[in-house]
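Coordinate analysis (summary)
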Amino acid sequence: MPPALRDLQAAFAAQLVGRDHAELTPHIEGDSIPADARLRIYRHHVGHSLGAALAATFPTVQALVGDDFFHALARDFVACELPTQPVLAEYGAGFSVFVADYGPARGLPYLADVARLDWALNVAFHAPANRRLAAADLSAIAAERLPSLTLDLLDGAALIGSDYPIDRIWHASQPGGSSDAVDLAAGRADLLVLRRADDAAFVALRAGEAAFVASLIDGSPLEVAATSGQQADAAFDLSTAFARLLGLQAFAALQ
């Protein structure tokens, strides 16, 4: 009796990540190339394709560790996590968590945060271009309603916080970036990642701005979010911060 399709699919998926299943061989048609050789060729092709997809999504990580290290890192990640969607741009959501626990990368404590930034830029780049909130949109709202107003960030936007200066690390890792060493003790970075017209980018936020944005992401109204900003930074000014975020077109239009 032939195995169930579900069992064959599970065995095939395991085969792709290096766990050989001899029971697959009788179900693989071969001619001049034996079935087990066909499986090895296909495994190599899949591994190469997924590694290339990860390199495209995490270019800063690759630039930091070099091609050989990244190849081993990507290979080990693929062995643990295969894609669940047909679009390779959606592959790699768990990569930063994997990097954080990856033994050979323990000497690079900022690497997982850089991976989170790369992933956030990828998500923002592929996010839909929804309409953005403008100052004129707020003019129709009564002043007494503004403190209780809740705002959504643009689709694909993300707040990335790190104990390391990952913004400087990112810039230094770009083609043509500075060759000067980045001081890892330079302090915390809080970055707001946003979709732009043709790409994605990030801006550095002050501590109060980051707390304000984090509170808005949690669904808090402006008044509560402003309190969060002031608690994080006594110099936080709601009008200044809000005007800056409006200028960055960080908010989605009101529904």
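Residues numbered from 1 in each chain as written. Predicted model: local features only at pLDDT ≥ 70, side-chain atom pairs only at ≥ 80, totals over all residues. Heavy atoms only, no water.

**Points about helix α9 (residues 207-217)**
When α9 is considered as a whole, its buried residues turn out to be Gly208, Glu209, Ala210, Phe212, Val213, Ser215 and Leu216. A positive backbone phi angle near 95° is found at Gly219, which sits one or two residues after α9. (Buried < 20%, exposed > 50% of the residue type's maximum accessible area, 1.4 Å probe, protein only. Helix = DSSP H or I, 4+ residues; strand = E, 2+ residues; numbered from the N terminus.)

**A closer look at the packing of α9 against helix α10 (residues 222-232)**
Two elements in contact, α9 and α10, have axes separated by 7 Å at closest approach and are oriented at 150°. Here α10 runs roughly antiparallel to α9, going by the angle between their axes. Helix-helix and strand crossings are classified by hand; for α9 and α10 the assignment is right-handed. Listed contacts from α10 to Ala207, Gly208, Ala211, Phe212, Ser215 and Leu216 of α9 are Leu222, Val224, Ala225, Ala226, Ser228, Gly229 and Ala232. Per-class residue counts for the contact of α9 with α10 are nine nonpolar, four polar and no charged. (Axes fitted to C-alpha atoms, helices over the stretch in contact; angles between N-to-C directions. Parallel < 35°, antiparallel > 145°, perpendicular 65-115°, else oblique. Left-handed = near helix turned anticlockwise from the far one by under 90°. Contact = heavy atoms within 4.5 Å. Nonpolar A, V, L, I, M, F, W, Y, C, P; charged D, E, K, R; others polar.)

**So, the sheet that holds strand β1 (residues 158-162)**
Strands sit in the order β1-β2-β3 across an open sheet of three strands; the sheet is antiparallel. Looking at the sheet topology across the chains shown, the edges are occupied by β1 and β3 (200-204). The sheet shows a mean angle of 25° between the axes of neighbouring strands, taken without regard to direction. In the sheet, β1 pairs with strand β2 (residues 189-195) via five bridges, with the strands oriented antiparallel. Paired with Ser162 across the bridge in β2 is Ala189. Lying over the sheet, helix α6 (residues 111-125) contacts β1, β2 and β3, oriented at roughly 20° with respect to β2. (Pairing = 2+ DSSP bridges.)

**A short note on the environment of Asp118**
With respect to the helices and strands, the residue Asp118 is situated in helix α6. The sequence separation of Asp118 and Val193 amounts to 75 residues, and the corresponding C-alpha distance is 9.9 Å. Reaching out from Asp118, the side chain makes a polar contact with the backbone nitrogen of Val61 at a distance of 3.2 Å. (Polar contact = N/O pair within 3.5 Å; in protein donor to acceptor, adjacent residues only side chain to side chain.)

**So, the pairing of β3**
Along a regular strand, successive side chains alternate from one face of the sheet to the other. The pairing of β2 with β3 spans five bridges and is antiparallel. When the sheet's bridge partners are listed, Leu191 is paired in β3 with Ala204. In sequence, β2 turns back onto β3 through a hairpin of four residues.

**Considering the pattern of salt bridges**
On inspection of all chains with the given rule, the structure shows seven salt bridges. Note that Asp113 and Arg116 form a salt bridge whose closest N and O atoms lie 3.2 Å from each other. One end of the pair, Asp113, and the other, Arg116, are both in helix α6, three residues apart, so they sit about a helical turn from each other. Linking Arg188 and Asp190 is a salt bridge whose minimum nitrogen-to-oxygen distance equals 3.1 Å. For Asp190, a relative accessible area of 12% puts it in the buried group. Sharing partners across several salt bridges, the network here consists of Asp163, Arg188 and Asp190. (Salt bridge = Lys/Arg side-chain N within 4 Å of Asp/Glu carboxyl O.)

**Some words on the environment of Pro147**
Note on placement: Pro147 falls in the loop between α7 (135-138) and β1. C-alpha separation for the pair Pro147 and Ala226, spaced 79 residues apart in sequence, amounts to 9.1 Å. For Pro147, the residues in contact, after removing those within four places along its chain, are Pro221, Leu222 and Glu223.

**A look at α10**
Along α10, the positions that sit buried rather than exposed are Leu222, Ala225, Ala226 and Gly229. Looking straight down α10, one finds that the buried residues subtend no more than 105° of arc, so they occupy a single side. Away from its buried face, by an angle of more than 90 degrees, α10 presents the exposed residues Glu223 and Gln231. Where the residues of α10 are buried, they touch α9 and α11 (238-247). (Arc of directions from axis to C-beta.)

**Here's the deal with the packing of aromatic side chains**
What the rule picks out here adds up to 12 aromatic pairs. With 5.6 Å between their ring centres and 40° between their planes, Phe77 and Tyr91 make a pair best called tilted. Remark: Tyr91 occurs in the loop between α4 (67-80) and α5 (95-100) and Phe77 occurs in helix α4; sequence separation between them is 14 residues. Taking the relative accessible area as the measure of exposure, Phe77 reaches 1% and is therefore buried. Classification of Tyr91 as buried rests on a relative accessible area of 3%. Between Trp170 and Phe202, the aromatic rings sit 5.1 Å apart at their centres with planes inclined by 85°, giving edge-to-face as the arrangement. On the criterion of sequence distance, the pair formed by Trp170 in helix α8 (residues 166-173) and Phe202 in strand β3 is long-range, its members being 32 residues apart. (Phe/Tyr/Trp six-rings, centres within 6.5 Å; stacked < 30°, edge-to-face > 60°.)

Just geometry here; none of it tells us what the structure is for.
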